[in-house]
Amino acid sequence: MAILTLTIDGEQLSANDDETLLEIARQHDIAIPTLCHLEGLSDVGSCRLCLVEIEGSQKLFPACTTRAQEGMVVRTKTERLQRNRRMIIELLASEGNHQCAVCVVNNHCELQNLAYEVGLTHTRYPYLYPKKRLDASHPDFIIDRNRCVLCTRCVRVCHEVEGAHVWDIAQRGIHCEIISDMDQPWGTSPSCTSCGKCVLVCPTGALIAKGENVAEMEKKTDFLKYIVTARVKREWINTDGEE
Amino acid sequence: MTTEDLHELAEKETDRQRQLRDRILYCAAAGCVSCGSHATRDAIKKALKERNLEKEVEVLGTGCMGLCGEGPLVKISSDGSVYERVDEETGRRIVEEHLCEGRKVGAHLIDTSQPFFSSQQKIVLEHCGKINAESIDEYIAAGGYGALARVVTEMQPQDVIEEIRKSGLRGRGGAGYPTGLKWGIVRKAKSEQKYAVCNADEGDPGAFMDRSVLEGDPHRILEGMAIAGYAVGANQGYIYIRAEYPLAIERLKLAIKQAERLGLLGNRIFESDFNFRIDLRIGAGAFVCGEETALLRSIQGRRGRPRPRPPYPSEVGLWGMPTLINNVETYANVAPIINRGSAWFAGIGTPKSTGTKVFALAGAIRNTGLIEVPMGIPLRNIIFDIGGGTPEGTEFKAAQTGGPSGGCIPAEHLDLPVDYESLATVGSIMGSGGLIVMDSTSNMVEVAKYFMDFCMDESCGKCIPCRVGTVHIYGLLDTISRGKGTTDDLALLEELCVMVKETSLCGLGQSASNPVLSTLKFFRHEYTDLLSKPESFVPSVSPDPASAGPADGPAANDGHDSTTHA
Ligand SMILES: Cc1cc2nc3c(=O)[nH]c(=O)nc-3n(C[C@H](O)[C@H](O)[C@H](O)COP(=O)(O)O)c2cc1C
Ligand code: SF4
Ligand code: SF4
Ligand code: FES
């Protein structure tokens with residue numbers, strides 16, 4: 001591991017060469033909006049919100065999967081980037097059936113927060129009003145695909161952390177949807193351990209716990225980094241030989 | 001198998017062919033098969049049998065002969081005559097009149113001195129239409145596997161890579177990445193296990209170059225892959241081919257079996273330490289599975305979705321191992337470069353785009369089919385000399401290259417040399433080799449809509465700009481093409497096209513806007529002509545509530561404007 005220096009938004013910073021631009025920016029309180037990224041899960045670079053400019057290239061780079069290099073000059077808030085981010089959220093808003101006023105995570109929703117952050121007040125594209133399925137067959141949880149933004153956090157947390165791989169994606173393009181096991185009711189899934197991790201990491205009201213009222217539910221994602229760190233460091237093994 | 005054994009096999013086959021009185025070649029590629037070349041073959045065989053000629057005259061199926069629009073095609077080996085539209089009756093007459101009486105069947109004879117034939121230069125397709133696609137002996141007699149023998153017994157891997165690098169060969173899958181450079185990266189990657197993959201997914205609508213090579217000369221690909229395997233240090237190859245190509249799959253399976261039987265694939269090739277196996281992986285025909293990272297996932301049995309690069313497959317590929325991935329046509333160029341030298345290859349084409357390129361000519365053009373031309377040839381020569389121009393009474397309007405990722409080139413750029421850089425300057429790409437000609441009857445908004453429909457359908461759905469953006473671009477194009485669009489819609493369309501291009505994860509989304517942007521660049525009036533015109537609005541004639549009011553206000557936006565429920 002080597003130490004290198006780079007510039008983000010005019011600030012000279014030092015970083016390790018195995019760190020991503022997003023990690024470095026967050027360590028220095030430089031805000032970059034993200035949706036698919038979640039600390040503790042692998043990165044897939046799919047939401048495209050974290051795209052940044054790197055001097056010397058016309059292309060845009062996802063901060064969550066781009067590693068720092070010596071001398072890089074990175075810009076995270078140019079006019080072009082902000083416009084693209086606003087349009088991404090605009091596209092998401094038009095894609096699903098996001099009825100915030102009657103959602104249990106209203107006011108605690110990452111999609112809503114992103115919309116405020118990028119200054120989105122309305123969408124210029126027609127709403128697609130897709131027909132999406134809601135599944136309340138699980139005793140504790142509900143999946144409402146109308147509110148799903150296909151970030152695949154649930155897929156990854158279930159596969160990578162819980163090891164159950166209940167969730168996956170079916171179909172392609174605009175018809176993509178999250179399915180449980182072989183596209184069967186969640187409640188009949190033999191692989192689901194009812195751990196609830198997917199519900200906690202879901203950025204929107206797509207995965208929710210039963211019994212919550214409108215605007216009542218707050219998601220917690222912090223637990224993830226503790227689990228993952230503990231696993232990497234094998235903290236459950238007593239190195240000093242004591243019980 | 002040693003080099004001597006290979007030469008012996010070649011001689012034996014050449015002798016066999018020499019002893020025949022003649023050979024009748026019929027095109028057994030998918031195009032001619034679909035218009036009845038098997039029935040033609042049977043009729044020819046029957047006619048030969050009736051005259052007791054079946055032992056002296058061999059009838060054999062070859063790869064694509066090029067002029068697909070005039071099939072079934074039949075060629076007489078001894079004098080090179082080619083016949084078009086050979087139905088069963090014509091087949092019988094060819095045997096009777098041409099073979100027995102020495103009189104050519106005039107009505108079906110093709111003039112092989114016409115530019116369609118004389119302006120082409122065949123390297124990739126040199127065997128197509130000449131050898132039996134199902135015989136390894138014929139491939140060997142034509143010099144096949146000689147390059148592999150030389151590479152394995154006489155050359156160091158580094159020298160092979162150097163030779164490919166010096167030839168200037170660039171990837172024919174679309175992006176034109178220098179092949180020698182890619183091989184060098186895989187060679188340098190440290191790993192016990194490496195792979196060589198052939199991308200035969202060919203999902204562009206209207207493209208059939210790779211299919212034709214695989215159907216007509218499958219051993220060429222196996223030989224190219226084995227040479228690549230030796231050069232980069234891979235011992236396992238995969239050919240990823242779409243299930244829609246059953247004939248190519250069948251021929252590849254047969255070719256692999258034949259090569260294995262002769263020890264040209266497998267262990268200790270040419271009695272060296274080099275082992276190389278090739279397996280087929282059949283794709284389900286998703287366009288996005290042609291994208292290299294999605295393709296590799298699909299080979300692993302996972303969902304075909306692209307992932308961000310870097311890391312590139314050359315470093316992290318199949319099952320995490322360094323993996324070389326090249327296109328069919330790229331591999332087809334390898335053996336000729338080894339045989340004839342990099343200097344020969346670099347002398348063809350232009351300094352930056354060397355060699356030849358195979359194109360599938362389609363659309364409003366007289367000679368549709370498969371052609372191979374030196375890089376840098378002016379577009380005009382391809383369309384008017386080789387293609388014979390547009391049909392009677394119509395005028396050339398544009399040529400589309402690069403399929404759903406490419407652009408339209410208008411008449412004013414007809415003298416553009418066809419190479420990677422020049423095509424990029426007019427907003428198109430070389431692509432894999434689809435070339436669709438459009439005449440004055442084509443509507444460019446419809447063309448853009450057609451390709452956007454394709455991209456929207458084929459989007460894997462992983463990233464937001466491509467998954468949702470293509471749907472709205474399509475919707476805007478549809479609104480405009482129905483005469484319901486406003487200047488706002490056009491502005492929205494352009495903004496969205498740029499955004500999808502800039503922000504999408506993989507090449508599919510990044511290039512999906514190209515057909516729209518290039519038709520907007522060269523045929524903008526076709527869009528603006530369709531916009532609803534508020535200034536010519538006469539209130540007394542059945543007022544349309546949607547177009548009332550100024551076109552620049554949100555209210556005129558066909559009800560599209562709405563606030564979020566947030
Ligand atoms: C959406 C998409 C589809 C593609 N389809 C193909 C294809 O069908 N065949 C192909 O050879 N390359 C295709 N490519 C390009 C490959 O990703 C890759 O660049 C190529 O196989 C590399 O081989 P080359 O260097 O020999 O060209 C596609 C790329 C994208 C983004
Ligand atoms: S259900 Fe939630 S976590 Fe899963 S993909 Fe949809 S939005 Fe993301
Ligand atoms: S650009 Fe389109 S095809 Fe490529 S990853 Fe994104 S959604 Fe999938
Ligand atoms: S957070 Fe980087 S692409 Fe989604």
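Residues numbered from 1 in each chain as written. Chains lettered and ligands numbered in written order. Predicted model: local features only at pLDDT ≥ 70, side-chain atom pairs only at ≥ 80, totals over all residues. Heavy atoms only, no water.

Caption draft 1: Representation of the sheet that holds strand β3 (residues 74-76) of chain B within the structure. Residue and element names in this part refer to chain B. The strand order across the open sheet built from 5 strands is β2-β1-β3-β4-β5, with neighbouring strands paired in mixed fashion. Lying at the two open borders of the sheet, with one neighbouring strand each, are β2 (57-62) and β5 (109-110). Bridge count between β3 and strand β4 (residues 82-83): 2 bridges; the pairing is antiparallel. Looking across to β4, one finds that Val 74 is bridged to Tyr 83. Those strands touched by helix α3 (residues 37-50) are β1 (22-27), β2 and β3, and its axis lies near 160° from that of β1. Strands β1, β2, β3 and β4 of the sheet are contacted by helix α4 (residues 88-101), whose axis makes an angle of about 20° with β3. (Pairing = 2+ DSSP bridges. Helix = DSSP H or I, 4+ residues; strand = E, 2+ residues; numbered from the N terminus. Contact = heavy atoms within 4.5 Å. Axes fitted to C-alpha atoms, helices over the stretch in contact; angles between N-to-C directions.)

Caption draft 2: Structural context of the environment of A:Ile8. Residue and element names in this part refer to chain A. Topologically, Ile 8 is positioned in strand β1 (residues 3-8). According to the relative accessible area criterion, Ile 8 is buried, its value standing at 0%. Distance in space between the C-alpha atoms of Ile 8 and Arg 75 is 5.8 Å, their sequence separation being 67 residues. Leaving out residues up to four positions away in the same chain, Ile 8 has contacts with Leu 13, Leu 21, Ile 24, Ala 25, Ile 30, Val 74 and Thr 76. (Buried < 20%, exposed > 50% of the residue type's maximum accessible area, 1.4 Å probe, protein only.)

Caption draft 3: Molecular detail of the site of ligand 1. All names here are of chain B. Around ligand 1, a shell composed of 18 residues is seen, among which Gly 173, Glu 202, Asn 326, Asn 327 and Thr 330 lie nearest. Interatomic distance of 2.7 Å between a backbone N/O atom of Gly 173 and an oxygen atom of ligand 1. Thr 330 is positioned with one of its side-chain polar atoms (N or O) 2.7 Å from an oxygen atom of ligand 1. Here ligand 1 has 610 Å² of accessible area as a free molecule, and 90% of this is covered by the chains. For the shell around ligand 1, the secondary structure elements donating two or more residues are β9 (323-327) and α22 (507-512). Examining the composition of the shell around ligand 1, we find that 3 residues originate from one element, β9, more than from any other. Here the shell around ligand 1 is built from residues that sort into 3 nonpolar, 9 polar and 6 charged. (Near = heavy atom within 4 Å. Polar contact = N/O pair within 3.5 Å; in protein donor to acceptor, adjacent residues only side chain to side chain. Areas by Shrake-Rupley, 256 points an atom, 1.4 Å probe, with all protein chains shown as cover. Nonpolar A, V, L, I, M, F, W, Y, C, P; charged D, E, K, R; others polar.)

Caption draft 4: Quick look at the nonpolar core. Ranked by size, the top nonpolar core spans 116 residues in total, and within it B:Tyr145, B:Trp183, B:Leu222, B:Ile239 and B:Phe276 carry the most contacts. The contact partners of B:Leu222, leaving out residues within four places of it in the chain, are B:Tyr145, B:Ile239, B:Leu252, B:Ala255, B:Ile256, B:Ala259, B:Leu265 and B:Ile278. (Core = buried A, V, L, I, M, F, W, Y, C linked by side-chain atoms within 4.5 Å.)

Caption draft 5: Broad picture of the interface of chain B and chain A. Counting residues at the interface gives 34 residues for chain B and 41 residues for chain A. Where chain B abuts chain A, roughly 3400 Å² becomes buried across the two surfaces, and 59% of that area is made up of carbon and sulfur atoms. Applying the counting rule to chain B against chain A returns 4 salt bridges. The salt bridge partner of B:Arg467 is A:Glu95, with a shortest N-O separation of 2.7 Å. On the surface where chain B and chain A come into contact, there are 15 residue pairs in polar contact (both at pLDDT 80 or more). Among the elements of the structure, α19 (444-458), α20 (464-481), α21 (487-503) and β15 (562-563) of chain B are those that each provide at least two residues to the side of chain B that touches chain A. Its residues assigned to classes, the side of chain B that touches chain A comprises 13 nonpolar, 12 polar and 9 charged. (Buried area = accessible area lost by both parts, 1.4 Å probe. Salt bridge = Lys/Arg side-chain N within 4 Å of Asp/Glu carboxyl O.)

Caption draft 6: Structural detail: the layout of surface pockets. In this structure, the second largest pocket occupies an estimated 800 Å³ of space. Taken together, 29 residues line the second largest pocket, and the ones lying closest to its centre are A:Val44, B:Arg297, B:Arg302, B:Arg307 and B:Lys462. Put simply, the parts of the chain that give the lining of the second largest pocket at least two residues each are α4 (153-162) and β9 (167-170) of chain A together with α13 (292-299) of chain B. Counting residues per element, the lining of the second largest pocket draws most heavily on α4(A), at 4 residues. (1 Å grid on protein atoms, 1.4 Å probe; cavity = no way out; pocket = protein on both sides within 12 Å on 5 of 7 lines; lining within 4 Å. Points joined across faces, edges and corners; volume = space filled by probe spheres on them.)

Keep in mind these values describe shape, not function.
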